Amino acid sequence: MGGVSFLSTVPSFTNTTNHQHLTTLSSSSHRSAVIRCCKIDPQVSSEILSFHRRDVLKLAGTAVGMELISNGFINHVGDAKAADLNQRRQRSELLSKIKLTLSSTIKAKPELVPSILKLALNDAMTYDKATKSGGANGSIRLSSELSRAENEGLSDGLGLIEELKKEIDSISKGGPISYADLIQLAGQSAVKSTFLASAIRKCGGNEEKGNLLYTAYGSAGQWGLFDRNFGRTDATEADPEGRVPQWGKATVQEMKDKFIAIGLGPRQLAVMSAFLGPDQVATEQLLATDPQVAPWVQKYQRSRETVSQTDYEVDLITAFTKLSCLGQQINFEAYTYPVERINLSKLKL
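To start, this report covers the structure provided alongside it. In this text the structure is predicted, and so the values were computed from the model without any measurement.

## Structural notes on the packing of helix H7 (residues 179–202) against helix H8 (residues 207–217)
It is at 7 Å that the axes of H7 and H8 come closest, and there the two elements cross at 120°. As summarised for this structure, H7 and H8 are arranged oblique, according to the angle between their axes. Crossing geometry of H7 relative to H8 is assigned as right-handed. For the pair H7 and H8, the contacting residues are Lys192, Phe195, Leu196, Ala199, Ile200 and Lys202 in the first and Glu207, Gly210, Asn211, Leu213 and Tyr214 in the second. The class makeup of the residues in the contact of H7 with H8 is six nonpolar, two polar and three charged.

## Some thoughts on helix H4 (residues 113–124)
Counted at 1.5 Å a residue, the expected span for H4 with its twelve residues is 16 Å, and the 17 Å between its end C-alpha atoms agrees. Across the twelve residues that make up H4, a large majority, eleven, are buried. Val113, Ser115, Ile116, Leu117, Lys118, Leu119, Ala120, Leu121, Asn122, Asp123 and Ala124 are the residues of H4 that are buried.

## Focus on unusual backbone geometry
One non-glycine residue, Lys132, lies in positive phi territory at about 55°. By the secondary structure assignment, Lys132 is in the loop between H4 and helix H5 (143–146). We note that Gln309 has phi near 40°; this positive angle belongs to a residue other than glycine. Turning to its location among the elements, Gln309 is positioned in the loop between helix H13 (294–304) and helix H14 (310–323). Look at Gln309 and you get buried, because its relative accessible area is 2%.

## Things to note about the nonpolar core
If you look at the biggest cluster of nonpolar residues, it comprises 67 residues, and the most contacted ones within it are Ile98, Met272, Phe320 and Leu323. Broken down by element, this core gets its largest block of residues, nine residues, from H7.

## Let's talk about the environment of Glu241
Among the structural elements, Glu241 can be located in the loop between helix H9 (224–228) and helix H10 (252–261). Residue Glu241 is classed as exposed on the basis of its relative accessible area, which comes to 65%. Along the backbone, Glu241 and Ser144 are 97 residues apart, and their C-alpha atoms lie at a distance of 9.8 Å.

## Describing the pattern of salt bridges
Taken as a whole and judged by the stated rule, the model has ten salt bridges. The shortest N-O distance in the salt bridge between Glu207 and Lys107 comes to 3.0 Å. Of this pair, Glu207 sits in helix H8 while Lys107 is found in helix H3 (residues 73–108), placing the two residues 100 residues apart along the sequence. With relative accessibility at 60%, the residue Lys107 sits in the exposed group.

## Let's talk about H13
Turning to H13, its buried residues are Ala294, Val297, Tyr300 and Ser303. The secondary structure elements touched by the buried residues of H13 are helix H11 (266–271), helix H12 (280–287) and H14.

## Overview of the side chain of Arg91
With respect to the element layout, Arg91 can be found in helix H3. For the buried Arg91, no salt bridge is present, and the opposite-charge side chain at shortest range is Asp181, 6.7 Å distant. Other than its neighbours up to four places away in sequence, Arg91 contacts Arg228, Phe230, Asn331, Phe332, Glu333, Ala334 and Thr336.

Each value, and the rule that gives it
- Residues numbered from 1 in each chain as written.
- Predicted model: local features only at pLDDT ≥ 70, side-chain atom pairs only at ≥ 80, totals over all residues.
- Heavy atoms only, no water.
- Axes fitted to C-alpha atoms, helices over the stretch in contact; angles between N-to-C directions.
- Helix = DSSP H or I, 4+ residues; strand = E, 2+ residues; numbered from the N terminus.
- Parallel < 35°, antiparallel > 145°, perpendicular 65-115°, else oblique.
- Left-handed = near helix turned anticlockwise from the far one by under 90°.
- Contact = heavy atoms within 4.5 Å.
- Nonpolar A, V, L, I, M, F, W, Y, C, P; charged D, E, K, R; others polar.
- Expected span 1.5 Å × (residues − 1).
- Buried < 20%, exposed > 50% of the residue type's maximum accessible area, 1.4 Å probe, protein only.
- Core = buried A, V, L, I, M, F, W, Y, C linked by side-chain atoms within 4.5 Å.
- Salt bridge = Lys/Arg side-chain N within 4 Å of Asp/Glu carboxyl O.
- Lys, Arg positive; Asp, Glu negative; His and termini not counted.

Here's what the structure looks like:
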């Protein structure tokens, strides 16, 4: 079927052999102007005959816009934006449900916090910068990797992850959640639980006041980038051995070397001390023996004594966010699903 192009409605602005020009006829009784082609009237002033370049561009722009609409281009852009908004909403809704599930579960089992933190750390620490392999890919769930010496004592934490995965998969409309995502999200929830626990202690153990303190001064708003990186892919094989130190037996130099190898450093080693073992105080005493790490340990200890502990929380979130994406190409369409369109023609009014 043929169509009429709106571009064809733009008048020609060049002179013809018949001396036809565009003129604007105006009337004192009408505010609107009419543009039409006619012969030159010698009585019409030169000011009325003038047609500025900007007027030409306005008319041409209007015609092009109408042409795009007639061809459906604007509709396609609108559909794309709507689809993108739907995907964001779907991912956001699922992420909110996952966070609520993790938060309530970890609150009920605080003894598993050290295991969950170390599980998230060790899964990501298999990253090799030279080969771009390993990283936060969920490979730690595989028995051949979980049974390694550096992962001793993490089976309880993984067991909790597996239970939660069944629950989350049952409510996910966009497919099962990856272990890679769930392990890092569990780590995030565990970190938040330590922040909240600190706020409650500062309020003399009063949970209500502690929650208010954390809400008012905490770092909840700093997790935006971490939350956006939702869509990790699971590995199907265990990562190579020898990439993760046994944190409880490693020297500070060995720890530093590992953090540097994955793109972090002494500062991040100090701020992530809670990930390295169940006794953060003992870990920091060891780290403080190193002249490069000691200033950072002292900085974060001082920060944790303040009401907001801002430096500690913000730097920990930043380091953990970087760690949690190592080796991953995030799929920003993960967990989305098509929305059924409503056929308005079939609706009975």
